[in-house]
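Close look at the chain arrangement
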Amino acid sequence: MHEVQETEFIFIDETGINIWTKRTRGRAVRGRRAVRVVQGRRGPNLTMTFAVSNVGGLIYHKLTEGGMTGQRFSEFIGTVCRLYHPLNACFVIDNAPAHRQAVNLPLPQNFSVRYLPPYSPFLNICENAFALWKGNIKDSLAEVRDQLLREDHQQRMATLGQLAEQGTAVVTLHRMQAAFRGMQAYLPACFGLDDILM
């Protein structure tokens, strides 16, 4: 808990989107299931990577086509180190395969790396940021999906990228501070090795 007060924690994670990203609720006549047949091939993913903290809000983000690799993740962390200069900071990341080499990166002295325990999304405020961001994307895609389907691949990816960039505006400092406070509420249970039911 002392470290929480002395260190700025920068949470880094990534998530994918494509043009089929949409809300998963539906309606149907009583007694029937709400089912919709969708295209089997969903197309390539775009991957959005966030670096968020309770002090700086959305510090940096990057949108790339395709999945996350160790090299891309290392470059992302290097960029955050060059652009953001807190007194004392700790990168908090999960144990995804692309993140495993982060602890071996040559970081400035005021930066360190900590891994989250397995199965602990409630300790990662990036999950809150992604929920806000994806909600915005889903609303935007619902309005332009038919237009996107008529476009060629390059235009489709450009439009999706533009919507993704515009959607980052919902990840505000105020919301990240609230997410950080919510995360801190789980810490006593984690330190006590209690079961956490979601």
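Residues numbered from 1 in each chain as written. Predicted model: local features only at pLDDT ≥ 70, side-chain atom pairs only at ≥ 80, totals over all residues. Heavy atoms only, no water.

Some details on the sheet that holds strand S2 (residues 46-53)
Worth spelling out the cut-off: Two strands pair under a simple rule: DSSP has to find at least two bridges between them. Numbering of helices and strands runs from the N terminus, with a helix taken as a DSSP run of H or I at least four residues long and a strand as a DSSP run of E at least two residues long. Angles here are taken between N-to-C directions and fall from 0 to 180 degrees, while the axes themselves are lines fitted to C-alpha atoms, restricted in helices to the stretch in contact. Any two residues whose heavy atoms approach within 4.5 Å are treated as being in contact.
Here five strands make up an open sheet; going across it, the order is S3-S2-S1-S4-S5 and the pairing mixed. Each of the sheet's edge strands pairs with one partner strand only, and the pair in question is strand S3 (57-65) and strand S5 (111-115). Between one strand axis and the next, the sheet turns through 20° on average, direction left out of account. Pairing of strand S1 (residues 8-17) with strand S4 (residues 89-93), which is carried by four bridges, proceeds in the parallel orientation. Following the sheet pairing, Ile-10 is matched in S4 by Phe-91. Set on the sheet, helix H2 (residues 70-83) makes contact with S1, S2, S3, S4 and S5; between it and S3 the angle comes to about 145°.

Points about helix H3 (residues 125-150)
For clarity, the cut-off: By this rule, a helix spans an expected 1.5 Å times one less than how many residues it contains. Fitting axes to the seven residues that end at a residue and to the seven that start at it, the angle between those axes gives the bend at that residue. A simple rule labels every residue: compare its accessible area, found with a 1.4 Å probe on the protein chains alone, to the largest value its type can have, and call it buried under 20%, exposed over 50%, or partly exposed in between. In protein, a polar contact requires one atom able to donate a hydrogen and another able to accept it; more generally it is a pair of N or O atoms within 3.5 Å, and residues adjacent in sequence count only if both atoms are side-chain atoms.
For H3, built from 26 residues, the straight-helix expectation of 38 Å at 1.5 Å per residue is met to within 8% by its first-to-last C-alpha distance of 36 Å. At Val-144, H3 is deflected by roughly 65°, the largest bend along its length. All of the buried residues along H3 are Ile-125, Cys-126, Ala-129, Phe-130, Trp-133, Gly-135, Ile-137, Ser-140, Leu-141, Val-144, Arg-145 and Leu-148. Against the buried residues of H3 lie S1, S2, helix H4 (153-167) and helix H5 (173-184). At the N-terminal boundary of H3, the capping side chain belongs to Asn-124, with an oxygen 3.0 Å from the backbone nitrogen of Cys-126.

Considerations on the nonpolar core
Worth spelling out the cut-off: For the purposes of this section, nonpolar cores are sets of buried Ala, Val, Leu, Ile, Met, Phe, Trp, Tyr and Cys residues that join through side-chain atoms within 4.5 Å.
Core analysis: the biggest nonpolar cluster contains 32 residues, and Phe-11, Phe-50, Val-52, Ile-125, Trp-133 and Val-171 have the highest contact counts within it. Broken down by secondary-structure element, the contributors of at least two residues to this core are S1, S2, S4, H3, H4 and H5. The biggest single contributor to this core is H3, with nine residues. Those residues in contact with Trp-133 that lie beyond four places of it in its chain are Thr-15, Ile-17, Met-48, Phe-50, Ala-164, Gly-167, Thr-168, Val-170 and Val-171. By size, the runner-up hydrophobic cluster in this structure holds 19 residues, among which are Ala-51, Ile-59, Phe-76 and Phe-111.

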